[in-house]
Amino acid sequence: MARIVLVGAGSLQFGLGTMGDIFQSEVLAGSHVILHDINPQALAKVEAAGQAFLEEHDLPFTLSATLDRSVALEGADFVIISIEVGDRFALWEQDWRVPQQYGIRQVYGENGGPGGLFHSLRITPPILAIVGDIMRICPEATIFNYSNPMSRICTTVHRRYPQARLIGMCHEISSLKRHLPLILDTPWENLKTRAGGLNHFSVLLEASYRDTGRDAYPDILAKAPSYFEHQPSLGAMLKYAKETGATSEDAAAEAPALEEETWAERRLFKAILEDFGLLPITTDSHLGEYVQWAWDAVDHKGILDFYSFYKQYLAQREPRIELKLTERVIPIIEGILTDAGYEEGAVNVPNAGLIPDLPEWLVVEVPGTVDADGVHGVALPEYPRGFLGMLQDQVAVHNMTADAILSGSRATVIQALLVDPVVDVYAPVRELVDTMLELQSEHLGYIQ
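These notes cover the structure that comes with them. (Residues numbered from 1 in each chain as written. Predicted model: local features only at pLDDT ≥ 70, side-chain atom pairs only at ≥ 80, totals over all residues. Heavy atoms only, no water.)

1. Re helix α8 (residues 217-228)
1) Next: Along its twelve residues, α8 runs 16 Å from first to last C-alpha, staying within 8% of the 16 Å computed at 1.5 Å per residue.
2) Next: Where α8 is buried, its residues meet α7 (174-184), β8 (201-209), β9 (231-232), β10 (260-261), α11 (267-276) and β11 (279-280). (Helix = DSSP H or I, 4+ residues; strand = E, 2+ residues; numbered from the N terminus. Expected span 1.5 Å × (residues − 1). Contact = heavy atoms within 4.5 Å.)

2. Brief notes about the pattern of salt bridges
1) Next: Per the counting criterion, the structure on display carries 15 salt bridges.
2) Next: Here the salt bridges do not stand alone but share partners, grouping Arg69, Asp133 and Arg136 into one network. (Salt bridge = Lys/Arg side-chain N within 4 Å of Asp/Glu carboxyl O.)

3. Digging into the layout of surface pockets
1) Next: Put simply, the second largest pocket is a space of about 300 Å³.
2) Next: Lining the second largest pocket are 17 residues, and of these Ala164, Arg165, Leu166, Val349 and Val375 sit closest to its centre.
3) Next: Those elements that place two or more of their residues in the lining of the second largest pocket are β6 (165-168), β12 (342-350) and β14 (374-377).
4) Next: It is β14 that contributes the most residues to the lining of the second largest pocket, four residues altogether.
5) Next: A breakdown of the residues in the lining of the second largest pocket according to their chemical character gives nine nonpolar, six polar and two charged. (1 Å grid on protein atoms, 1.4 Å probe; cavity = no way out; pocket = protein on both sides within 12 Å on 5 of 7 lines; lining within 4 Å. Points joined across faces, edges and corners; volume = space filled by probe spheres on them. Nonpolar A, V, L, I, M, F, W, Y, C, P; charged D, E, K, R; others polar.)

4. As for the packing of aromatic side chains
1) Next: Evaluated as defined, the whole model comprises 20 aromatic pairs.
2) Next: Look at Tyr108 and Tyr307: their rings are 6.4 Å apart centre to centre, the planes differ by 90°, and that puts the pair in the edge-to-face class. One end of the pair, Tyr108, is in the loop between α4 (88-101) and α5 (113-137); the other, Tyr307, is in helix α13 (residues 300-316), with 199 residues separating them in the sequence. Accessibility classification places Tyr108 together with Tyr307 in one group, the buried group.
3) Next: Grouped by ring-pair contacts, the aromatic residues Phe89, Trp92, Trp96, Tyr108, Phe306, Tyr307 and Tyr310 constitute a single cluster.
4) Next: Over the ring of Trp361 we find Arg159, and its NZ or CZ is 4.9 Å from the ring centre. (Phe/Tyr/Trp six-rings, centres within 6.5 Å; stacked < 30°, edge-to-face > 60°. Buried < 20%, exposed > 50% of the residue type's maximum accessible area, 1.4 Å probe, protein only. Lys NZ or Arg CZ within 6 Å of the ring centre and 35° of its normal.)

5. Quick word on unusual backbone geometry
Peptide bonds are trans in most cases, and residues, glycine excluded, mostly fall at negative phi.
1) Next: Backbone torsion omega between Asn148 and Pro149 reads 0°, so that peptide bond is classified as cis.
2) Next: A positive phi is found at Asp185, a non-glycine position, where the angle reads about 55°.
3) Next: Along the polypeptide, Asp185 turns up in the loop between α7 and β7 (191-198).
4) Next: Residue classification places Asp185 among the exposed positions, given a relative accessible area of 70%.
5) Next: Despite not being glycine, Glu265 shows a phi value in the positive range, around 55°.
6) Next: Tracing the chain through its elements places Glu265 in the loop between β10 and α11.
7) Next: On the basis of relative accessible area, Glu265 is assigned to the buried category, the value being 3%.

6. Quick notes on the pairing of β7
One face of the sheet, then the other: side chains in a regular strand alternate in exactly this way.
1) Next: The pairing of β7 with β8 spans eight bridges and is classified as antiparallel. When the sheet's bridge partners are listed, Thr193 is paired in β8 with Ala207.
2) Next: With antiparallel pairing between neighbouring strands as the criterion, β7 and β8 make up a hairpin whose turn holds two residues, including His200 at a positive phi of roughly 65°. (Pairing = 2+ DSSP bridges.)

7. Observations regarding the packing of α4 against α13
For any two helices packed against each other, the geometry is given by the interaxial angle and the distance between the axes.
1) Next: Interhelical geometry of α4 versus α13 gives an angle of 170° and a closest axis separation of 12 Å. Overall, the two elements α4 and α13 adopt an arrangement that is roughly antiparallel. Both α4 and α13 take part in a crossing whose hand is right-handed. Residue-level inspection shows Arg88, Phe89, Trp92, Glu93, Trp96 and Arg97 of α4 in contact with α13, the latter providing Ile303, Leu304, Tyr307, Tyr310, Lys311 and Leu314. (Axes fitted to C-alpha atoms, helices over the stretch in contact; angles between N-to-C directions. Parallel < 35°, antiparallel > 145°, perpendicular 65-115°, else oblique. Left-handed = near helix turned anticlockwise from the far one by under 90°.)

In structure tokens:
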């Protein structure tokens, strides 16, 4: 019987979705789920939905909700964090567009580049406060973070609280399960894969067929181009949804019948595949945040279509509790409780020698083994040198971001921008920082 705390549970998408993941688990039967949020109306709505679902389905779980984080964390075994601050999309668009106005050619602005810096400066302090409470109240609890920018948040938290049992989680790894069976014409269960890098900046490193043991990577390199040349256009899906009133989910379901586009939102992806011989696990929007030459390579319209599609999807989606597994955090919790010893496809943990020639403190995304002692990163000793070079470009960025957050120093924020490979200008950087501090003063007032 575990005590599982959901921090940020007032979000319908996170609160209802995660309850469904928990409630479908036989291993977790008898557990108590504690919902916590700072928004009383949103929290009450999610709690009511959860209690009604438990009663309707007569499930062996108990549920409570509280606005008091200290109460929520008392006796917690597992804490799952998924938060944002302020108006998510309005602030995101400031992170994205304001640096562009100052001449910085960033392609997205959520996790990497200047946008990733300002996002990190805004969201990491409340997560540090949450983890600080965990270390005071339930220091042995395992913590899972879903908030972005994943690697910058987790690097900073581990620097402030090195004893925290914090693991970053992201669902981008699921793209392999979606695409590889179609590319290789074999069931996912017949494939053994490993990927690694930084969160949203990771590539497939190994792939083999379980039935024969044969290396599948040559087949991937040979067949992936023709597959990705015939993917549905995101613009066509968005247009279909607007014209028909269909939800974004329905438009995605109709995708095979819609207009195709060559390498849709995958032109930088294509460059990595062709020039580095590696299959990225994400698309241009995220990849391009970390690459200094991305502006010349990405599918800009595809990125804009993806962003519009994502906003529309969240606006139209009506989250509900379903007894099905949607995220990987619950299998990890089950694996810890049962001492499973299995390998999870992607976890974000301090490097500690897992990827060579990267510092130990940098949080990397690697496979992880899961047992009673927790989650342990899998070493990737033969990491490809070319892509490793681009990971190394991010070391100073993460280092200075963490220092800026922990010190609250405007001078360090400026340095965090000047060491970023995406920033190729100097003159406007100080004014950019002052503009962002003014625009987001409600959240960045601690920067002096």
